[in-house]
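Chain by chain, the residues run as shown.
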Amino acid sequence: MVSVVRSNVMDLPTNLSLSYFWCSGFMISSFLMVQVISGVILSLMYVADSFLSFGCVLDLTMESLFVWFVRYFHIWGVTFIFLLFLAHMGRALYYSSYSKLGVWNVGFVLYLLMMVEAFLGYMLPWHQMSYWAATVLTSIISSIPYFGPSIYKFVVGGFSVTNVTLVRVFSAHVCLAFVMLGFSVIHLFYLHKSGSNNPLFVSNGYSDVVFFHSYFTTKDGYLLVFLLLVCCSFLLYSPDGVLDVESYIEADPLVTPVSMKPEWYFLAFYAMLRSVESKVGGLVLVLLFLLVLWLPTVNSPSPYSVARQFLFWFMVVLFILLSYLGACHPEFPFVIMSKVASLLMVFSVLMYKSLWAVSSNTSGISRYLVTCLGV
């Protein structure tokens, strides 16, 4: 066991040119561990009951300073995890790290699990926005042809979102956290098996190498302490900064919120969903985007192609625009803009993955020459 840890952590040969963007994976794992620990503490005091959950969650903030800190750190931790996820996946797209199939496939599944986990946790406080978000999302499931109604009844445990749904959500939220930890270990296994990419895209990452310890352990530790301090600063300055006003209104099935919107990390997908008039059409559009985003290909890295860099930053702008449109009221011209931006997003990702292709058996020197020539 000691030799395995030493060979995979301390004596791991790592390219010297890795920047702080390559620390995002360790940051995600660290924040995930903090989320699991804080989640276990909160689960010991949470009551999964539609009549008691809302009051139970509010009472947690008045229990003690420690419980208050744990709850709000759990809330802010999700925001930081998704920020790190976006930086991590953006770096993978920019440097064509998705060509490493095992690492990319497991990482993409981990991203999907993280979105499911975040949505399940969002439902647990049982306030207005969480209840109606669950109602809207499950209604999309019920609109799936043939199997939709059966899947809907299995998920919600009845004909609508009720106390049975809340109990199932709580169980799934706790169990899925440990499943994600397992996928993180598998992701790390494939990363060490295939080797990490590097900014220069040279020799599969083994040109100028140093041991992971102590150069990169110090680098990762410094960034982790910095992010924890930033997270605590936001937490203490504005604890409710990432919460909606509806979070302090108990769920009422008879009163629909005036404006419904999910958390910020779901806004882009929410804009895609409602850009199509049909529920099934919106779901197909989101699934198509995720499919194209996952599509593993072998492309030249962006640093050696101006056109590829332009397309990458165009996708970043589109994602930010969709996030903004998802927070807007569903009316003209926001719906039309969402539809155009969604189609452009899917088309841009497809072009980014399909163009600038490089043969998988091309050597490092040939690949470098090809990318420099802009092919």
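Residues numbered from 1 in each chain as written. Predicted model: local features only at pLDDT ≥ 70, side-chain atom pairs only at ≥ 80, totals over all residues. Heavy atoms only, no water.

## Side note on the packing of aromatic side chains
For any two aromatic rings, the description comes down to two numbers: the centre-to-centre distance and the angle of the planes. Under the counting rule described, the total for this entry stands at 24 aromatic pairs. Geometrically, the ring pair formed by Tyr 94 and Tyr 95 is edge-to-face, given 5.0 Å between the ring centres and 80° between the ring planes. By relative accessible area, Tyr 95 is classed as buried at 14%. Relative to Tyr 190, the ring of Phe 189 has its centre 5.5 Å away and its plane inclined at 70°; by these criteria the two rings are edge-to-face. Cluster of aromatic residues (ring-pair linked, three or more members): Trp 22, Tyr 94, Tyr 95, Phe 312, Trp 313 and Tyr 352. (Phe/Tyr/Trp six-rings, centres within 6.5 Å; stacked < 30°, edge-to-face > 60°. Buried < 20%, exposed > 50% of the residue type's maximum accessible area, 1.4 Å probe, protein only.)

## Notes on the domain arrangement of the protein chain
Parsing the protein chain into structural domains produces domain 1 (7–200 + 208–256) and domain 2 (261–374). Computed over C-alpha atoms only, the centres of domain 1 and domain 2 are separated by 22 Å. Across the boundary between the two partners, domain 1 contributes 32 residues, which contact 29 residues of domain 2. Taking both partners together, domain 1 and domain 2 bury about 2,700 Å²; carbon and sulfur atoms supply 71% of that area. Viewed at the interface, domain 2 and domain 1 are joined by zero salt bridges. Between the two partners, domain 1 and domain 2, sit ten residue pairs in polar contact (both at pLDDT 80 or more). Mapped onto the side of domain 1 that touches domain 2, the elements with two or more residues apiece are helix 4 (65–94), helix 5 (101–123) and helix 6 (128–142). (Domains from an automatic or database assignment. Contact = heavy atoms within 4.5 Å. Buried area = accessible area lost by both parts, 1.4 Å probe. Salt bridge = Lys/Arg side-chain N within 4 Å of Asp/Glu carboxyl O. Polar contact = N/O pair within 3.5 Å; in protein donor to acceptor, adjacent residues only side chain to side chain. Helix = DSSP H or I, 4+ residues; strand = E, 2+ residues; numbered from the N terminus.)

## Let's talk about the packing of helix 4 against helix 9 (residues 212–237)
At a minimum axis separation of 10 Å, helix 4 and helix 9 run at an interaxial angle of 125°. With respect to helix 9, the element helix 4 is oriented oblique. The two elements helix 4 and helix 9 meet at a crossing, and its hand is right-handed. Of the residues in helix 9, those in contact with Trp 68, Phe 69, Tyr 72, Phe 73, Trp 76, Phe 80 and Leu 84 of helix 4 are Leu 227, Leu 228, Val 230, Cys 231, Cys 232, Phe 234, Leu 235 and Leu 236. Grouping the constituent residues of the contact of helix 4 with helix 9 by class yields 15 nonpolar, no polar and no charged. (Axes fitted to C-alpha atoms, helices over the stretch in contact; angles between N-to-C directions. Parallel < 35°, antiparallel > 145°, perpendicular 65-115°, else oblique. Left-handed = near helix turned anticlockwise from the far one by under 90°. Nonpolar A, V, L, I, M, F, W, Y, C, P; charged D, E, K, R; others polar.)

## Re empty space enclosed by the protein
Tallied over the entire structure, the rule returns one cavity of 30 Å³ or more. Its volume calculated, the largest cavity comes out at about 820 Å³. Lining the largest cavity are 38 residues, and of these His 74, Gly 121, Tyr 122, Leu 124 and His 173 lie nearest its centre. Elements represented by at least two residues in the lining of the largest cavity include exactly helix 2 (24–43), helix 3 (53–63), helix 4, helix 5 and helix 8 (163–194). Across the lining of the largest cavity, the residue classes tally to 26 nonpolar, nine polar and three charged. (1 Å grid on protein atoms, 1.4 Å probe; cavity = no way out; pocket = protein on both sides within 12 Å on 5 of 7 lines; lining within 4 Å. Points joined across faces, edges and corners; volume = space filled by probe spheres on them.)

## So, the environment of Ser 99
Relative to the helices and strands, Ser 99 resides in the loop between helix 4 and helix 5. Here the alpha-carbon distance between Ser 99 and Thr 297, two residues 198 residues apart in the chain, equals 5.5 Å. The residues touching Ser 99, leaving out its near neighbours within four places in the chain, are Thr 297 and Val 298. Looking at Ser 99, its side chain comes within polar contact range of the main-chain oxygen of Ser 96, at 3.0 Å.

## As for the nonpolar core
Counting residues in each nonpolar core, the largest one holds 87 residues, and the members touching the most others are Phe 31, Phe 82 and Phe 289. At 15 residues, helix 4 tops the list of elements feeding residues into this core. Counting residues domain by domain, this core receives three or more from each of domain 1 (7–200 + 208–256) and domain 2 (261–374). Setting aside chain neighbours within four positions, we find Phe 289 in contact with Phe 269, Met 272, Met 345, Val 346 and Val 349. (Core = buried A, V, L, I, M, F, W, Y, C linked by side-chain atoms within 4.5 Å.)

## Comments concerning a nonpolar patch on the surface
A surface patch of nonpolar side chains, about 630 Å² in accessible area, is lined by Phe 310, Phe 314, Phe 332, Ile 336, Val 340 and Leu 344. Among the elements of the structure, helix 12 (306–327) and helix 13 (334–354) are those that each provide at least two residues to the nonpolar patch. With three residues, the single largest contributor to the nonpolar patch is helix 13. Topologically, Val 340 is positioned in helix 13. (Patch = residues over 30% accessible without salt bridge, like charges linked within 9 Å, V, L, I, M, F, W, Y side chains within 5 Å. Areas by Shrake-Rupley, 256 points an atom, 1.4 Å probe, with all protein chains shown as cover.)

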